[in-house]
Every structure is written in C-alpha cells, then in structure tokens.
Amino acid sequence: MREDSLDFDKLGIHLDKTDIRILKLLANDSRISYAEIAREGHLSRMAVRERVMKMLEDGIIERFTVQLNSKKVGLNTPVCLQVKAVPNKLDDVANALAEYPQIESIYAMTGKNELYADAFVEDVESLEKFIFEEIYKIEGITAVEYNIIIKRYKTRRLLVYR
C-alpha cells in the first residue's frame with residue numbers, strides 16, 4: 001500500500017503529519033518516552049504529551065500494549081480457528097471464546113455464521129485437547145475447523161499509512 005493511500009480526513013479523522021509520525025513511533029515501540037518522540041519530531045515534550053492525550057481521548061489510540069514472542073512463553077503452535085455457530089448464538093459463542101487466554105483475536109465475517117479466531121497453544125496435543133475438551137463445550141457451536149499457522153509474514157495491527 002502506498003504511504004499516502006489512507007485519507008484520514010475523508011474518514012472524519014483529523015491527523016496531521018506530526019500526529020502520524022507520533023503514531024508510527026508508538027506503534028514501533030509503545031515504551032518510547034515523550035522526550036524521545038519530541039526529539040525525533042522536533043517538538044516539545046509537552047506538545048507530544050498533549051497530542052497523545054488528545055488521540056487517546058478521541059479513541060484513535062485505544063491502548064498501549066506489548067507483543068509477546070509466543071515461542072519464548074511456550075506457545076509454539078499458532079492456529080487459525082474457523083468456528084461455525086447457530087445464527088442466534090454467534091455473539092454468545094464469540095463472548096465465550098473471548099474468555100480463553102489462548103485466543104488472541106476473534107472476527108465475524110460477512111456471509112456464513114462463522115467466527116475466525118487466532119489462537120496460540122503449546123503443541124498439537126494441546127490443540128486437540130483445547131478444541132475437543134474446551135471449544136466444543138461452548139453452547140451454539142456446530143463445527144470447528146482449524147489450521148496450524150506455519151509461517152507469519154506480518155503480525156502488527158493497523159498502522160498509520162500516511
């Protein structure tokens with residue numbers, strides 16, 4: 001995607017180049033100090049703080065977080081789950097899935113009554129146990145398909161494109 005491909009103004013989001021630079025720096029390292037951002041962006045530390053606080057208040061920044069190395073914490077098997085559910089139970093199933101710490105994210109897509117979830121487990125044996133002893137116990141689930149992810153090319157959430 002080209003760097004200027006997302007027009008925030010058309011989306012009703014008013015970010016200038018300085019805001020976008022701050023977001024890129026924070027997305028790369030959420031521990032970066034306001035002073036360091038200020039140096040890189042040629043701003044005062046207070047100006048950076050005010051801009052970050054405004055983006056938090058506006059909901060542009062939802063939270064600051066870390067990205068764990070799943071293998072370093074013993075979760076060696078990333079998996080994509082395709083969970084089929086009874087239509088009127090889809091939200092209940094999604095909420096139940098969200099309670100499992102193994103599940104990183106859950107998505108509903110257009111079309112079928114399915115949820116897609118990214119999860120991390122220790123190994124294939126624990127995956128089987130998780131699916132058949134935990135997931136299938138959730139009321140409303142009619143089928144679960146799963147694929148082990150063999151290689152990740154990108155794992156970051158949406159970053160600023162401009």
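For the structure itself, look to the data block above.
This structure is a prediction, so every number in the text was calculated from the model and none was measured.

Student: Explanation requested: the packing of aromatic side chains in the structure shown.
Tutor: Two aromatic rings, taken as a pair, are described by how far apart their centres are and by the angle between their planes. Following the criterion strictly, the structure yields 2 aromatic pairs and no others. Residues Tyr100 and Phe130 carry aromatic rings whose centres are separated by 5.4 Å and whose planes lie at 80° to one another, so their mutual orientation is edge-to-face. Of this pair, Tyr100 sits in the loop between helix H4 (90-98) and strand E2 (103-108) while Phe130 sits in helix H5 (residues 124-134), and the two are 30 residues apart along the sequence. As far as burial versus exposure is concerned, Tyr100 and Phe130 are alike and both buried.

Student: Can you help me understand the sheet that holds strand E4 (residues 141-148) in this one?
Tutor: Two pairing modes exist for strands in a sheet, parallel and antiparallel, and in both the strands are linked by backbone hydrogen bonds. Spatial strand order, E2-E3-E1-E4: 4 strands in an open sheet with antiparallel pairing. The sheet terminates laterally at E2 and E4, the two strands that pair on one side only. Between one strand axis and the next, the sheet turns through 20° on average, direction left out of account. Note that E2 and strand E3 (residues 114-121) share 5 bridges and pair antiparallel. By the bridge assignment for E3, Ser105 is matched with Asp118. Its contacts with the sheet put H4 on strand E1 (77-85), E2, E3 and E4, and the angle it makes with E3 is roughly 10°. Strand contacts of H5: E1, E2, E3 and E4, with the helix running at about 165° to E4, the strand carrying the most contacts.

Student: What am I meant to see in the environment of Ile141 here?
Tutor: Relative to the helices and strands, Ile141 resides in strand E4. Along the sequence, Ile141 and Val83 sit 58 residues apart, while their C-alpha atoms lie 6.9 Å from each other. Excluding residues within four positions of it along the chain, Ile141 makes contact with Val83, Lys84, Ala85, Val93, Ile135 and Tyr136.

Parameters at a glance
- Counting restarts for each chain, with residues numbered from 1 along the sequence as it is written.
- Local features in a predicted model are, by the rule used here, given only for residues with pLDDT of at least 70; side-chain atom pairs are given and counted only at 80 or more, and totals for whole chains, interfaces and linings are based on all residues.
- Computation of side-chain values covers all heavy atoms of the structure but excludes hydrogens and water.
- Think of it this way: a Phe, Tyr or Trp ring, Trp meaning its six-membered ring, pairs with another when their centres are within 6.5 Å, and the plane angle makes it stacked under 30 degrees, edge-to-face over 60, tilted otherwise.
- Secondary structure elements are taken from DSSP: a helix is a run of H or I of four residues or more, a strand is a run of E of two residues or more, and numbering for both begins at the N terminus.
- Buried residues are those whose accessible area, probed at 1.4 Å on protein chains only, stays under 20% of the maximum for their type, while exposed residues exceed 50% and partly exposed ones sit between those limits.
- In this description, strands pair whenever DSSP reports at least two bridges between them.
- Lines fitted to C-alpha atoms define the axes here, with helix axes fitted over just the stretch in contact, and angles between the N-to-C directions of these axes take values from 0 to 180 degrees.
- Note on contacts: a residue pair qualifies if any of its non-hydrogen atoms lie within 4.5 Å across the two residues.

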